[in-house]
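Next come the chains, spelled out residue by residue.
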Amino acid sequence: LSDRLSGIFDKLTRRGALSEADVSEAMREVRRALLEADVALDVVKSFTDKVRTRAVGQEVVKSITPGQMVVKIVHDTLVETLGSDARPIDLVAPAPVPILMVGLQGSGKTTTTAKIARRLKERERKRVLMASLDTRRPAAMEQLKVLGEQNDVDTLPIVAGQSAVEIAKRALTAARLGGYDVVILDTAGRVTVDEGLMDEAAEVKRVTDPHEVLLVADALTGQDAVNTARAFDGRIGITGIVLTRVDGDGRGGAALSMRAVTGKPIKLMGVGEKADALEDFHPSRVADRILGMGDIVALVEKAAENFDAERAAKMAAKMGKGEFDLDDLAEQLKQMQKLGGMGGIMSLMPGMGKMKNQIAAAGLDDRFVKRQIAIISSMTKKERAKPAVIDAKRRKRIAAGSGTDVADVNKVLKTHRQMADMMKAMGKQKGGLMGALGGM
Ligand code: GDP
Ligand code: MG
């Protein structure tokens, strides 16, 4: 994909920003790549719409081609959609923490149950009890027992003739009495989603109140996995997804679709039959796989750094001349968000303690940064360039437009005035604030 995208853009002359037409052409390629990667059609559509909105008008960094710039935006959006915030299993609950495993037969529930138990035991020193609620296939309980023995994890003793709900209750009691930290309930699956399966899983969920409900889904089943996820999440409610057989899936599309359709994070990936073949979910690796790109990511990262540096240098030059309008303030605020807040920036610079306090006093606290950006976005171009024209009436309109109060608008204007004065003063000193910002 990255080659094809670069190809499209190499034909174009550089024009500073990505145009609507450029992006539309690129989106056709992105769309094709996603469909080839087995991403669901409706997910492809909403994804390309999102990228298009972001990409049009984006300035292109000098050191990369527009094609690489689009790839970068596609990649970043993919990572974000896949869940850059994804966390592994959450055990923050009173012990024994119940985890319920659900999914279709053959998806890898039993194997994954053992993998998770082993991981929690080894990495987090947890005492784990596993219980098979699969009453339909006697071999299933035996399978979990063997896996427990192999991995030195306890399993609930098998008692014939109990229902899934009875076994679940017994497992919880045993875990409590036995002082276990975690109890993993491995349910039975059916070949397809059916009411009986859903009813049983829902009932087990009701009586055990699990802290995590993990849907185990086979990455190789592609679109079916997506439908399964939708069905289980709708009927039972899941907290996360474990994608199995990722070792055999070169395309990665199921991950994107499942995440987009359910909004639930992918927590872990099964990458083989062995008990240690379990990995944390890495959105950027999956994104790379979907896009079929290798080195381009590193290249584009580098370019993005240059991009920030170019912008900072441009701003430094402007400020040196004592120009600092509200667009510049908005730009600064956005940079701050990226760099982890004003505190972060200030701590990078020597001798900035006093200014840090001033800025805190001006309400430039991270919590307000978003709101301030919203206020500035509600201003007209003219207002941003010439804040002096913003009279009482305009302030009212801006406040209404950004869902804030006139007092908030006033605060932004005051911050701007203070920053502008500060920048002006610093701009006169060589290597002042902007020198420091430009160098970051
Ligand atoms: P269940 O019916 O959902 O409990 O599925 P099982 O745990 O019994 O797994 C079915 C088959 O899939 C077994 O042969 C497993 O070894 C295999 N399996 C499970 N997870 C993975 C995986 O991540 N990669 C590969 N290659 N095989 C897996
Ligand atoms: Mg099983």
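Residues numbered from 1 in each chain as written. Chains lettered and ligands numbered in written order. Predicted model: local features only at pLDDT ≥ 70, side-chain atom pairs only at ≥ 80, totals over all residues.

Side note on the overall build of the chain
In terms of regular secondary structure, the chain is built from 20 helices and eight strands. Counting across all 440 residues of the chain, residues that qualify as buried make up 43%. Here the analysis covers contacts within the chain between residues at least 6 apart in sequence; of these, 76% occur between residues at least 24 apart. (Helix = DSSP H or I, 4+ residues; strand = E, 2+ residues; numbered from the N terminus. Buried ≥ 20, exposed ≤ 12 C-beta atoms within 10 Å, placed from the backbone. Contact = placed C-beta atoms within 7 Å.)

A closer look at the nonpolar core
The biggest cluster of nonpolar side chains holds 87 residues, and the ones touching the most others in it are A171, V183, I184, L185 and L243. It is helix α4 (residues 66–83) that contributes the most residues to this core, seven residues altogether. Structurally, this core is a two-domain feature, drawing no fewer than three residues from each of domain 1 (2–84) and domain 2 (97–291). L243 has contacts with A217, A219, A254, A255, I266, M269 and G270, leaving out every residue within four places of it along the chain. Within the second largest apolar cluster, 15 residues are counted, among which are L333, I398, V412 and M419. (Core = buried A, V, L, I, M, F, W, Y, C linked by C-beta atoms within 7 Å. Domains from an automatic or database assignment.)

A few points about the sheet that holds strand β7 (residues 266–270)
Here eight strands make up an open sheet; going across it, the order is β3-β2-β4-β1-β5-β6-β7-β8 and the pairing mixed. The open sheet terminates on both sides in strands that have one partner only, identified here as β3 (154–155) and β8 (278–280). Contacting β1 (97–102), β4 (182–186) and β5 (212–218), helix α8 (residues 195–208) runs over the sheet at an angle of about 175° to β1. (Pairing = 2+ DSSP bridges. Axes fitted to C-alpha atoms, helices over the stretch in contact; angles between N-to-C directions.)

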